[in-house]
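Summary of the model geometry
What follows is the residue order along each chain.
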Amino acid sequence: MLRNVGPLPTAAILVALGFGVAPARAGEDAPAPVAADIQTILHEVKRPGAAAVVLNVWATWCEPCRKEMPGLLRFYRAHAKEGLRLVLVSADDEADRNAANRFLESQGVDFPTWIKRDSDMVFINAIDEEWIGNLPATFVFDGKGVLHDRIYAETDEAALEAALQRLSLKKKAPRKGRQP
Amino acid sequence: MTTPKLARGILLASTLLVSPVLRADTTLPLGAALPAANAPLATLDGKTTSLARLVGKRGTLVLFTCNHCPFVKAWEQRIAALANRYPAKGVGVILVNANDPAIYPEDDVAGMRARAKALGLRAPYLVDATSNVARAFAARVTPEAFLFDAQGKLAYHGTIDDNKADPAKVTAHYLRDALDAVVAGAKPDPAETKSLGCGIKFRAGGG
């Protein structure tokens, strides 16, 4: 829980994590979600070059998922140049890929996204064994693809900023000898 | 990449001011006793009951569900079939809706009555009017099944089967097989399963 202090500038957090400015992907054509197995998706999470990675699982049928998407994208767009990567994974059936694409286009998503292909249990447990499968769900990884935080509910920019703060603290703690 | 000294300083200062707390969500463990057994639950005709009044001699199934969720809708015929079949085998079956109808009006009592009627549901479909029963179970998703054995210990926790979209393509009938195991006095295998679903829309002010 954050005490009542103003949030650090995210740029400072990301730089302090040891990463500089990463090239943004904005401006590319809007590709349709790519059907992928979880290993491909996790490879995207672990792909070098990010200071932190936010993985969001959403679906067209999920109202809170649609509701949180604008804030999630604002957060990403505000910090993409600082090394934040956003991995959007649709939990829609592959047959609903067009509907997923229409929603993403309506949100101005201009970077590659994914649609899950594995069975639910394989998909859920590969991301986070503590996750029961409720949507929406958002996961915060460090730049090496290690899961540090999860939000099993509709999220917003404040919650994401707080998650990034916690990530920065966990990264720093071993150097200070405060955690094993 | 080298970390700028200024940023290091800012971050170091922040470690002194910000307390990092991460809480893993709890899950009701296998072997746990029936939670909130005496908590009030409302029937669709306005009466009050509790899980304790509805337990079965051979087992008890508590299934958190709702009306609006597309995943529930995909499984609702199968859920109703199980709910209607297993009481005759000694299993108490209770469906619980903990969702706040202020968030999804379709999940109100009128909607529950309509779904129960349309499905020919004979098992009780109850209102968790504070969402506190769901909280006591650490339930998070609909549909989510908790099956207790004849001794009242949690024997199975999870989903319905492995194919919500097409009953004809189901290869693992998780809940049905778990019910059969409990009726036979055996341990379900698997005892824990998962599926994607809708997060429970908890009512405010509970806990």
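Computed from a predicted model, the values in this text were never measured in an experiment.

Our next topic: the sheet that holds strand β1 (residues 34-36) of chain A. Residue and element names in this part refer to chain A. Overall, mixed pairing links the six strands, which are arranged β1-β4-β3-β2-β6-β7 in an open sheet. The outermost strands of the open sheet, each flanked by one partner alone, are β1 and β7 (147-151). Mean inter-strand twist for the sheet, computed between neighbouring axes without regard to direction, equals 30°. As defined by bridge partners, strand β3 (residues 84-90) adjoins strand β4 (residues 114-116) across two bridges and the pair is classed as parallel. Across the sheet, residue S90 finds its bridge partner in β4, namely I115. Running over the sheet, helix α2 (residues 38-46) touches β1, β2 (52-58), β3, β4 and β6 (137-142) and is turned about 165° from β3. Contacts from helix α4 (residues 97-106) reach β1, β2, β3 and β4, with the element oriented near 125° to β2.

Turning to the nonpolar core, a few remarks are in order. Nonpolar side chains tend toward joint burial in soluble globular proteins. If you look at the biggest cluster of nonpolar residues, it comprises 85 residues, and the most contacted ones within it are L55(A), L88(A), F123(A) and W131(A). Counting residues per element, this core draws most heavily on helix α2 (residues 70-85) of chain B, at seven residues. For L55(A), the contacting residues outside a window of four places in its chain are I41(A), V45(A), V87(A), V89(A), I127(A), A137(A), T138(A), F139(A) and F141(A). In this structure, L41(B), F64(B), V96(B) and A98(B) belong to the second largest nonpolar core, which totals 19 residues.

Conventions we followed
Residues numbered from 1 in each chain as written. Chains lettered and ligands numbered in written order. Predicted model: local features only at pLDDT ≥ 70, side-chain atom pairs only at ≥ 80, totals over all residues. Heavy atoms only, no water. Pairing = 2+ DSSP bridges. Helix = DSSP H or I, 4+ residues; strand = E, 2+ residues; numbered from the N terminus. Axes fitted to C-alpha atoms, helices over the stretch in contact; angles between N-to-C directions. Contact = heavy atoms within 4.5 Å. Core = buried A, V, L, I, M, F, W, Y, C linked by side-chain atoms within 4.5 Å. Buried < 20%, exposed > 50% of the residue type's maximum accessible area, 1.4 Å probe, protein only.

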